[in-house]
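# Notes for the structure review
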Amino acid sequence: MTLNVKVFRFNPETDKMPRFDTFKIEEFPNMAVLDVVMNIQNYHDPTLAYRCSCRIGMCGSCAMYINGRPRLACRTQVSSLGTKDITIMPLPNLPIIRDLAVDMEPFFEKYKKIKPYLIPKQDLKEPVICKPDSGERELIDYMLECITCGACYGACTMVATDPHYLGPAALTRAYCLIADKRDAATRERLVIVEQSEGVWRCHTQFNCAEVCPKKIVPTQAIQQLKKRCVFKRLGLFRG
Amino acid sequence: MEEIKADILILGSGGAGLFAALHAYDSNPRLKIVLATKGLIGKCGCSRMVQGGYNVVLDPKDSVELHFKDTIKGGAFINNQELAWTLVNDAPKRIHEMETKIGCFFDRREDGRIHQKPFAGQSFDRTVHRGDLTGIEIIARATDQVFARDITVLEETRGLELLTNSNGDRVVGALLMNIRTGQFIVVNAKAVIVATGGSASMYKISAPSFDKTGDGMAMCWRAGAEFVDMEMLQFHPTGLLAGKSRLSGSVLEEGLRGAGGRLYNAIGERFMERYDPERLERSTRDRVARAGYMEIMAGRGTPAGGVLLDMSHLGAEFVESKFPGMCERVRDIGKDLAREPVEVSPTAHFQMGGVRIDVNCYSSLKGLFVAGEDAGGVHGANRLGGNGIADSTVFGARAGDAAAEFAQSQDWVPVDQVQVKMFTNNVLKFFGRADGPDVYQLRDELKNLMWEKVGVVRTGQKLEQALKRLAEMSEEVERAKLPTGSLRGYNLALNEILNLRNQLVVAQLVAASALYRKESRGSHYREDFPETDNQNWLCNIFMRKKGDGYFIETRPVKLTRLRPEDVAAK
């Protein structure tokens, strides 16, 4: 079977307008969209620019806009698209370096704003004892699977309309730390996320959750944060 | 040309690079530290891809002596015993640091303490993990901590060459290239830490991420550092087979065999019964990989050239809950790991050989520190599953500490501009050359050549043939073409040429060292010398550059803590 692949091409330094190049690519079994992109770049047009690293969904480098939806190219099987026509574009809401490679800097700038690193409590000297059935980390544990691929960021309409909104991934990380009993900076982070460009920008549209390749629901983290922000305002927040 | 002055330059952002950065900074926050990484920080390299977990002694019933013994046995007794001893003793400190300072959280047992799971080749269940995708947690959290510190991070910036003084015995910095813009950067550093990973990607079926192409090793070689045991390259027994997809070769983790997974050939025989009746599938990687390869070569493989990994007898619910990441990956190719056998093949995975270092990661060149897969000696002839990420974090941390101390007592040695010019010309020469060998064809040829001639089973004749062709290819790659109108920035074809150039250096070291070792040991199997020969070959092979060629010699292993007879006696 032959795939009709349309690939977005744009060099912001020289091109006034982006264009699409079309390639006919032979499909093979187990072909991922990343295979398609690599095939094009290796054997058809070596000037194509894209980014990838691990090719097994662990590094989050190859998020692209594939047939109208942010996805990891490596984890998107061609057969799952249900069509032989494939359109590949860069991840939305981020500046384009060239072609399919975007500049992740704005995404990570916001990620850094919430202080994404553990600030351990003074008395944390040993690994904490935490029973798996205690429920203490129930939500955090699966959210830690985040690979910061930016798919949620590319899918979020609020990010699209407000360049300052922290976005789903940064807020999810903030929640993981705020809910982590080892961390000493809970209030500090709540102050950051309760700003107008924080949690209240989320309009619970669940676009982020729909596209997350790790099946995380950032909306859930954001709602948890909103609850804590309200409690904090009311003077009821303990922690 | 941009010039940066730094106390410490770190190349690589896997476990070794990140821990080096954190430790160097925490040793002395006033040091100017530059970390350059080929991809995005924490996203490239293989630490991120660690699935199974991290070997460490935590349980009072376990001991570092046992972990040490397993490591030396697994390494077929040619490990540098001081490095292995350092590994097992520092690993608990690093896990402790990760849980209390860095912010990692590993899976827990019923009683709330850190869970440890069984891995192959180990006398105790000591593998700490987070599900079956452990690397994400370790590397993401370590990256977060880098963000908390004043460390200069240069992303999508690759190392091209180490810069040396006029005598060639002191590394004074490195020449880098910003991949996005194609611009060169000179970093004048008191200490350089190389931690870019190995070159197993030079094989047709291989596990590593695509950005890992032996860059650090090749740079160290060209700069004149001494190497050890380069023939030792590990094939992981269970690489997923997915046809022509690049998913092929990705590892299905060791814990699957640890948990009781079975391997069958195409005619339904549980073939490990013939190769290691005692340990079966829980034998070490070298043995299981070779067994699988032998079965395939004997015509008992599947049509696609694999053997079968079966988990179904353990119960679908168990498999799905313990190995969700593996199930998901297999599902991507339309198979069900929990309910049916899955085709696997040995896959090129990890280099035990590398730059010779001491316990503080000093190499043979002043100012050059090496940690992680780029360094050799810790694992001997075969690495145990779960000792890899332990290696990178333990020795990364040590390199950071040592480089910080070194940098405080040293001054900068000026960069030689003539050398810089020579190195930049050696990259720029490709532009405007529309005719010449195609780099992608050469790369594909290298992968096939290494698989067939320098692979799981080697012979003197095949290795000689490989060396001859590799030497020719090293000349061909220098004449490779670039598309007309190629841009300097984000030029993947140019980067492929630079990758291939480095892979060819490492490939030749592996083949030459493999030809030299006339016995079989660990991951190195010579069909023409199938026995392990402790009489003549209980030694390490050292190589260093000499003119355009190399100098090679053996030195007996220093059995400072454990001798083969100590293990055999018990």
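Residues numbered from 1 in each chain as written. Chains lettered and ligands numbered in written order. Predicted model: local features only at pLDDT ≥ 70, side-chain atom pairs only at ≥ 80, totals over all residues. Heavy atoms only, no water.

We apply this condition: UniProt positions are given in the numbering used here, feature names are shortened, and annotations may be inferred rather than shown by experiment.
Under an unreviewed UniProt entry, the name given to chain B is L-aspartate oxidase, and the source organism is Desulfofundulus kuznetsovii. Within the UniProt record for chain B, the comment given under Cofactor (unreviewed entry) is "FAD".

An unreviewed UniProt entry lists chain A under the name Fumarate reductase iron-sulfur subunit, with Desulfofundulus kuznetsovii as the source organism. We quote the UniProt Catalytic activity (unreviewed entry) comment for chain A here in full: "a menaquinone + succinate = a menaquinol + fumarate". Recorded in UniProt under Pathway (unreviewed entry), the annotation for chain A is "Carbohydrate metabolism; tricarboxylic acid cycle."

### A word on the packing of helix α3 (residues 81-102) of chain B against helix α11 (residues 388-409) of chain B
Residues and elements named next belong to chain B. Here is the rule: Interaxial angle, 0 to 180 degrees, is taken between N-to-C directions of lines fitted to C-alpha atoms, where a helix line uses only the stretch in contact. Only DSSP runs of H or I covering at least 4 residues are called helices, and only runs of E covering at least 2 are called strands; the numbering of each starts at the N terminus. Roughly parallel refers to an angle under 35 degrees, roughly antiparallel to one over 145, roughly perpendicular to one between 65 and 115, and oblique to any angle outside these ranges. Residues are treated as being in contact if the distance between any of their heavy atoms lies within 4.5 Å. All amino acids are sorted into three groups, where Ala, Val, Leu, Ile, Met, Phe, Trp, Tyr, Cys and Pro are nonpolar, Asp, Glu, Lys and Arg are charged, and the leftover types, Gly among them, are polar.
For the pair α3 and α11, interaxial distance at closest approach is 8 Å and the crossing angle is 90°. For the element pair α3 / α11, the angle class is roughly perpendicular. Along the contact surface, α3 presents Leu83, Thr86, Leu87, Asp90, Ala91, Arg94 and Met98, while α11 presents Ala390, Asp391, Thr393, Val394, Phe395, Ala397 and Arg398. Classifying every residue of the contact of α3 with α11 gives eight nonpolar, two polar and four charged.

### Concerning the packing of aromatic side chains
The condition that has to hold: Geometry of aromatic contacts follows a simple scheme: Phe, Tyr and Trp rings, the Trp one being its six-membered ring, pair when their centres are within 6.5 Å, and the pair is stacked under 30 degrees between planes, edge-to-face over 60, tilted otherwise. The rule is simple: take the accessible area with a 1.4 Å probe, protein chains only, and divide by the maximum for that residue type; under 20% is buried, over 50% is exposed, in between is partly exposed. Two conditions define a charge sitting above a ring: the NZ of Lys or the CZ of Arg must be within 6 Å of the ring centre, and it must be within 35 degrees of the ring normal.
Taken as a whole, this structure holds 16 aromatic pairs over all chains when the rule is applied. Residues Phe8(A) and Phe10(A) carry aromatic rings whose centres are separated by 6.4 Å and whose planes lie at 70° to one another, so their mutual orientation is edge-to-face. The class of Phe8(A) is buried, set by a relative accessible area of 8%. Put simply, the rings of Phe107(A), Phe108(A), Tyr111(A), Tyr153(A) and Phe147(B) touch in pairs and so form one group of aromatic residues. Above the plane of the ring of Trp412(B) lies Lys190(B), whose end atom (NZ or CZ) is 4.3 Å from the centre.

### Here's the deal with the pairing of strand β8 (residues 171-178) of chain B
All names here are of chain B. For clarity, the cut-off: Note: two strands are recorded as paired if DSSP finds a minimum of 2 bridges between them.
Burial of β8 is extensive: eight of the eight residues sit out of reach of the surface. Pairing geometry for strand β7 (residues 157-164) and β8, over seven bridges, is antiparallel. The residue bridging Thr164 from the neighbouring strand is Val171, located in β8. Connecting β7 to the antiparallel partner β8 that follows it, the hairpin turn spans six residues, and Gly168 within it adopts a positive phi of roughly 75°. In this structure, β8 lies alongside strand β9 (residues 184-194), joined through five bridges in antiparallel fashion. Within the sheet, the bridge partner assigned to Leu176 lies in β9 and is Ile185. The turn joining β8 and β9, which pair antiparallel and follow one another in sequence, is formed by five residues; a positive phi near 80° is taken by Gly182.

### Comments concerning the UniProt feature "domain: FAD-dependent oxidoreductase 2 FAD-binding" (unreviewed entry) in chain B
Under the local residue numbering, the UniProt record ascribes the feature "domain: FAD-dependent oxidoreductase 2 FAD-binding" (unreviewed entry) to residues 7-389 of chain B. When the span residues 7-389 of chain B is considered, its composition is 29% helix and 21% strand, and the gap between its end C-alpha atoms is 26 Å.

### Side note on the interface of chain B and chain A
Under the convention used in this document: Take the accessible area each of two parts loses on contact, using a 1.4 Å probe, and add the two losses: that sum is the buried area. The salt bridge definition used is simple: a Lys or Arg side-chain nitrogen within 4 Å of an Asp or Glu carboxyl oxygen. N or O atoms within 3.5 Å of each other form a polar contact, as long as, within protein, one can give a hydrogen and the other can take it, and as long as residues adjacent in sequence are counted only when both atoms are side-chain atoms.
Each partner contributes residues to the interface: chain B has 64 residues there, and chain A has 61 residues. Interface area for chain B against chain A, summed over the two sides, is near 5,300 Å², with a carbon-plus-sulfur share of 54%. Connecting chain B to chain A are nine salt bridges. Arg182(A) is paired through a salt bridge with Glu99(B); the nearest N and O atoms lie 3.9 Å apart. One can count 40 residue pairs in polar contact (both at pLDDT 80 or more) joining chain B with chain A. At the level of elements, α3, α4 (134-147), α10 (324-332), α13 (439-453) and α15 (492-516) of chain B are the ones that each hand at least two residues to the side of chain B that touches chain A. Looking at which element gives the most residues to the side of chain B that touches chain A, the answer is α4(B), with six residues. Taken together, the residues of the side of chain B that touches chain A break down into 24 nonpolar, 16 polar and 24 charged.

### A word on the confidence of the model for chain B
The line we're drawing: Per-residue confidence from the predictor is reported as pLDDT, which spans 0 to 100.
Here chain B averages 96 in pLDDT, while 99% of its residues score no lower than 70. Confidence estimates for the predicted assembly give a pTM of 0.97 and an ipTM of 0.97.

### Comments concerning a nonpolar patch on the surface
Residue and element names in this part refer to chain A. Going by this rule: Each patch groups residues whose relative accessible area exceeds 30% and which form no salt bridge, using 9 Å between like charges and 5 Å between nonpolar side chains of Val, Leu, Ile, Met, Phe, Trp and Tyr. Throughout, the Shrake-Rupley method with a 1.4 Å probe supplies accessible areas, and for residues the shown protein chains are the sole cover considered.
Residues Trp200, Val230, Phe231, Leu234 and Leu236 make up a contiguous nonpolar surface patch of about 480 Å² in total accessible area. Among the secondary structure elements, Phe231 is positioned in helix α9 (residues 218-233). We classify Phe231 as partly exposed; its relative accessible area is 37%.

### Notes on the sheet that holds strand β3 (residues 63-66) of chain A
Residue and element names in this part refer to chain A. In space, the five strands of this open sheet follow the order β2-β1-β5-β3-β4, with mixed pairing throughout. The open sheet terminates on both sides in strands that have one partner only, identified here as β2 (19-26) and β4 (70-72). With direction set aside, neighbouring strand axes in the sheet form an average angle of 35°. In this sheet, β2 lies alongside strand β1 (residues 2-9) in antiparallel orientation, the contact comprising eight bridges.

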